[in-house]
Amino acid sequence: MEIRGTGALVVGGASGLGEATVRELHRQGAVVTIADVDREKGAALAGELGAPFVGCDVRDEQQVQAAVDRAAQSDGLRICVCCAGTGWAHRLTGGRGPHPLEAFERVIAVNLVGTFNVLRLAATKMLEADALSDGERGVCLNTASIAAFEGQIGQVAYAASKGGVVGLTLPAARELAAAGIRVVTIAPGLFDTPLLAGLPDDARTALAASIPFPKRLGMPAEYARLAAHVIGNRMLNGETIRLDGALRMAPR
């Protein structure tokens, strides 16, 4: 899959890992459409890069379809990266009572159902494109987390949602293989994203120290470079790739 001149959609592309991916794909010459629920940040980034922006809540079928359709206007959609997500920390039960069901449902709805919504609609649009010389039609890249494998205490909702993203990767890749569409997931560790930016400096330092090497938070640009490599490497398919500096999360 050549990136230059290829239609790409980055969902959750207004900040963090998504923004870095937008910038990397744009740098490499892709025709990138930005989709995000944050319309202010999305529009600002789109204006800076001269790229189209579509307001998009991944839980909304019509909004995701509109983003997919917009991305396909430039000679078809062949690259889709989904970075949209949310977090929530709460124990299953304890002094605060049982985990709020509504909060669990929201995390699952955004992180898992939202990812599935983007995947199914993007892949359907890719089926409309002619196969390239090697038979490839497109690649769908999703974002999980190492919490899918080592969820910590208080991460039951988040870990469940990201575990679902990991779980759908292989069956989706197997199904779409006949059409020449690859499905790959990246599972980042601790990255310097807006989610961690609000923590005190001592907390950020402690998190960085827990990573074997390099002893720092991951940079969104490192996620973006891996995403670009996945897009260009046809043998990467049906796999979840950890990007975590050898970190294995402790229970708390």
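Residues numbered from 1 in each chain as written. Predicted model: local features only at pLDDT ≥ 70, side-chain atom pairs only at ≥ 80, totals over all residues. Heavy atoms only, no water.

Relative to the helices and strands, Arg242 is located in strand β7 (residues 240-243). What makes Arg242 partly exposed here is its relative accessible area of 24%. It is 9.1 Å that separates the C-alpha atoms of Arg242 and Ala144, two residues lying 98 residues apart in sequence. Filtering out sequence-adjacent residues up to four positions away, Arg242 remains in contact with Ile146, Phe149, Glu150, Ala187, Leu247 and Arg248. (Helix = DSSP H or I, 4+ residues; strand = E, 2+ residues; numbered from the N terminus. Buried < 20%, exposed > 50% of the residue type's maximum accessible area, 1.4 Å probe, protein only. Contact = heavy atoms within 4.5 Å.)

Now for the sheet that holds strand β1 (residues 7-11). Here we have seven strands laid out as an open sheet, ordered β3-β2-β1-β4-β5-β6-β7, and parallel in their pairing. Two strands bound the open sheet, and with one partner strand each, they are β3 (53-55) and β7. Adjacent strand axes in the sheet meet at a mean angle of 20°, parallel and antiparallel pairs treated alike. Seen against the sheet, helix α4 (residues 101-126) touches β1, β4 (79-82), β5 (138-143) and β6 (181-188) and runs at an angle of roughly 175° to β5. Sheet strands touched by helix α6 (residues 156-176): β5, β6 and β7. Its angle to β6, the strand with the most contacts, is close to 160°. (Pairing = 2+ DSSP bridges. Axes fitted to C-alpha atoms, helices over the stretch in contact; angles between N-to-C directions.)

Another point: the environment of Ala227. Position of Ala227 among the secondary structure elements: in helix α9 (residues 220-232). With relative accessibility at 0%, the residue Ala227 sits in the buried group. Beyond its immediate sequence surroundings of up to four residues, Ala227 is in contact with Thr21, Leu141 and Ile186.

Moving on, we get to the pattern of salt bridges. Counted by the stated rule, this structure contains 15 salt bridges. Between Arg248 and Glu150 there is a salt bridge whose closest N-O contact spans 4.0 Å. Residue Arg248 is located in the segment after β7, and its partner Glu150 is located in helix α5 (residues 147-150); the two are separated by 98 residues in the primary sequence. The residue Arg216 makes a salt bridge to Glu222 at a minimum N-O spacing of 2.6 Å. The network of salt bridges with shared partners includes Glu150, Arg242, Asp244 and Arg248. (Salt bridge = Lys/Arg side-chain N within 4 Å of Asp/Glu carboxyl O.)

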